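A structural walkthrough
The residues making up each chain are set out below.
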Amino acid sequence: MCVNTNKNCNMTKSKINFVIYNLRKMSLKWHTRSKAIKRARVERGLYRCDLCKYTGKRGEFELDHRIPVIDVKKGFTTFDEYIDRLLPDEVDGWQFLCKTCHDKKTTKENKKRKKRGK
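Only a predicted model underlies this, so the values are computations on that prediction, with no experimental measurement involved.

For the rest of this paragraph, the subject is the packing of helix H1 (residues 13-27) against helix H3 (residues 79-86). Remark: H1 packs on H3, axes separated minimally by 11 Å, with the N-to-C direction vectors making an angle of 20°. Comparing the axis directions of H1 and H3 gives the class roughly parallel. For H1 against H3, the interelement crossing comes out right-handed. Where H1 approaches H3, its residues Ile16, Val19, Ile20, Leu23, Arg24 and Ser27 are matched on the opposing element by Phe79, Tyr82, Ile83 and Leu86. Tallied by class, the residues present in the contact of H1 with H3 amount to eight nonpolar, one polar and one charged.

Note: most residues except glycine have negative phi, and most peptide bonds are trans. Even without being glycine, Lys53 reaches a positive phi, approximately 70°. Within the element layout of this structure, Lys53 appears in the loop between strand E2 (46-48) and strand E3 (55-56).

So, on to a negative patch on the surface. The grouping of Asp80, Asp84, Asp89 and Glu90 at the surface amounts to a negative patch. Within the secondary structure, Asp84 is located in helix H3.

With that settled, consider helix H2 (residues 31-40). Along H2, the positions that sit buried rather than exposed are Thr32, Arg33, Ala36, Ile37 and Ala40. Around the axis of H2, the buried residues are gathered within 145° of arc, so they sit on the same side. Against the buried residues of H2 lie H1, strand E1 (41-43), E2, strand E4 (61-65) and strand E5 (94-98).

Calculation rules
- Residues numbered from 1 in each chain as written.
- Predicted model: local features only at pLDDT ≥ 70, side-chain atom pairs only at ≥ 80, totals over all residues.
- Heavy atoms only, no water.
- Axes fitted to C-alpha atoms, helices over the stretch in contact; angles between N-to-C directions.
- Helix = DSSP H or I, 4+ residues; strand = E, 2+ residues; numbered from the N terminus.
- Parallel < 35°, antiparallel > 145°, perpendicular 65-115°, else oblique.
- Left-handed = near helix turned anticlockwise from the far one by under 90°.
- Contact = heavy atoms within 4.5 Å.
- Nonpolar A, V, L, I, M, F, W, Y, C, P; charged D, E, K, R; others polar.
- Patch = residues over 30% accessible without salt bridge, like charges linked within 9 Å, V, L, I, M, F, W, Y side chains within 5 Å.
- Areas by Shrake-Rupley, 256 points an atom, 1.4 Å probe, with all protein chains shown as cover.
- Salt bridge = Lys/Arg side-chain N within 4 Å of Asp/Glu carboxyl O.
- Lys, Arg positive; Asp, Glu negative; His and termini not counted.
- Charge placed at Lys NZ, Arg CZ, Asp CG, Glu CD.
- Buried < 20%, exposed > 50% of the residue type's maximum accessible area, 1.4 Å probe, protein only.
- Arc of directions from axis to C-beta.

In structure tokens form, the structure reads like this:
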């Protein structure tokens, strides 16, 4: 079974999941990621949510991709698109969200994904 829309794809879902898992782990070292975290810092130990402007400690926040890594309407398409979305070239490709704002955004995205699945 191939979940990639590329006609020449011969990867199974388990191979794709393996690659995605490892790409996600490697993305933690991506240069714009650390810059986005630094940008959210307001002073030592305090950070600000990009949406609601709440200020709190680092553990109260999530670093989020502005554009979902896997398109909510189309699902996984190609590794080229996946990697482009996973590793934004600009700091603005990330948003630093408090857990409340992140949960709201994730819920909206998951509802769209669920609609697509029907």
